[in-house]
Amino acid sequence: MSALQIKKGSSKHSAYNLRPNFSDVQETHTLAVLVENEPGVLARVIGLFSGRGYNIDSLTVAEVDHKGHLSRITIVTTGTPQVIEQIKAQLGRIVSVHEVHDLTVEGGSVERELALLKVAGKGDDRVEALRLADVFRAHVVDSTLESFVFQLTGTPEKVDAFADLMRPLGLVEVARTGVAALARGL
């Protein structure tokens, strides 16, 4: 029998446990980080993730303001809401970081990814690959007698769906850029 007798209807939690019940639900978030375009900034941002065991699902980096020497890092990561908040807070503490935006929380955003997919096949498989490419609005950017290279732009889910359909038709290789994202509206 328990040394602590809890009456029916009372809580089993201590009155001194003031911490809220944290969620264990994993969420995917897209973060847009505006940083100084200087050597070592990307390494510091990536080091923040690797040092704490956080995973990066997608990463894109490009200079967005040549005169202001600013680059934009778009990161797609997965974690609990508490982990995502911790990532944003820690990113904001890095000296070279100007802004951190969670596009998933701040409202609607447009996300796109570019993918190149090489599909090898003959006969009916080639015809089927071309038919599916037309449905997905993928463009043939290279063609040989044995293979096609398709270019596809869309959401990561669209790229995944196209790749899944191409696997049985002879998918050989995939190259993806990672997610580029912007908030909708002004």
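Now for a description of the structure that goes with this document.

**Quick word on the layout of surface pockets**
Here is step 1: Taken as a whole, the largest pocket holds about 170 Å³ of empty space.
Here is step 2: What lines the largest pocket is Thr 28, Thr 30, Asp 57, Ser 58, Val 76, Thr 104, Glu 111, Glu 113, Pro 156, Glu 157 and Val 179.
Here is step 3: Elements supplying a minimum of two residues to the lining of the largest pocket: strand S1 (27-36), strand S2 (56-65), strand S5 (109-120) and helix H4 (156-166).
Here is step 4: Taken together, the residues of the lining of the largest pocket sort by class into 3 nonpolar, 4 polar and 4 charged.

**Re the packing of helix H1 (residues 41-52) against helix H2 (residues 81-93)**
Here is step 1: Contact pair H1 / H2: the axes reach a minimum separation of 10 Å and the direction vectors enclose 140 degrees. Viewed along their axes, H1 and H2 adopt a mutual orientation that is oblique. Handedness of the H1/H2 crossing: right-handed. Between H1 and H2, the residues in contact are Val 45, Leu 48, Phe 49 and Arg 52 and Ile 87, Gln 90 and Leu 91, respectively.
Here is step 2: Grouping the constituent residues of the contact of H1 with H2 by class yields 5 nonpolar, 1 polar and 1 charged.

**Some points on the nonpolar core**
Here is step 1: Ranked by internal contacts, the top residues of the largest apolar core, which has 17 residues, are Leu 117, Phe 150, Leu 152, Phe 162 and Met 166.
Here is step 2: When residues of this core are traced back to their parent elements, those giving at least two are S5, helix H3 (124-135), strand S7 (147-154) and H4.
Here is step 3: No other element matches the 4 residues that H4 contributes to this core.
Here is step 4: Here Leu 117 is in contact with Phe 148, Val 149, Phe 150, Leu 152, Phe 162, Ala 163, Leu 171, Glu 173 and Val 174, once residues within four sequence places are set aside.

Cut-off values and rules
- Residues numbered from 1 in each chain as written.
- Predicted model: local features only at pLDDT ≥ 70, side-chain atom pairs only at ≥ 80, totals over all residues.
- Heavy atoms only, no water.
- 1 Å grid on protein atoms, 1.4 Å probe; cavity = no way out; pocket = protein on both sides within 12 Å on 5 of 7 lines; lining within 4 Å.
- Points joined across faces, edges and corners; volume = space filled by probe spheres on them.
- Helix = DSSP H or I, 4+ residues; strand = E, 2+ residues; numbered from the N terminus.
- Nonpolar A, V, L, I, M, F, W, Y, C, P; charged D, E, K, R; others polar.
- Axes fitted to C-alpha atoms, helices over the stretch in contact; angles between N-to-C directions.
- Parallel < 35°, antiparallel > 145°, perpendicular 65-115°, else oblique.
- Left-handed = near helix turned anticlockwise from the far one by under 90°.
- Contact = heavy atoms within 4.5 Å.
- Core = buried A, V, L, I, M, F, W, Y, C linked by side-chain atoms within 4.5 Å.
- Buried < 20%, exposed > 50% of the residue type's maximum accessible area, 1.4 Å probe, protein only.

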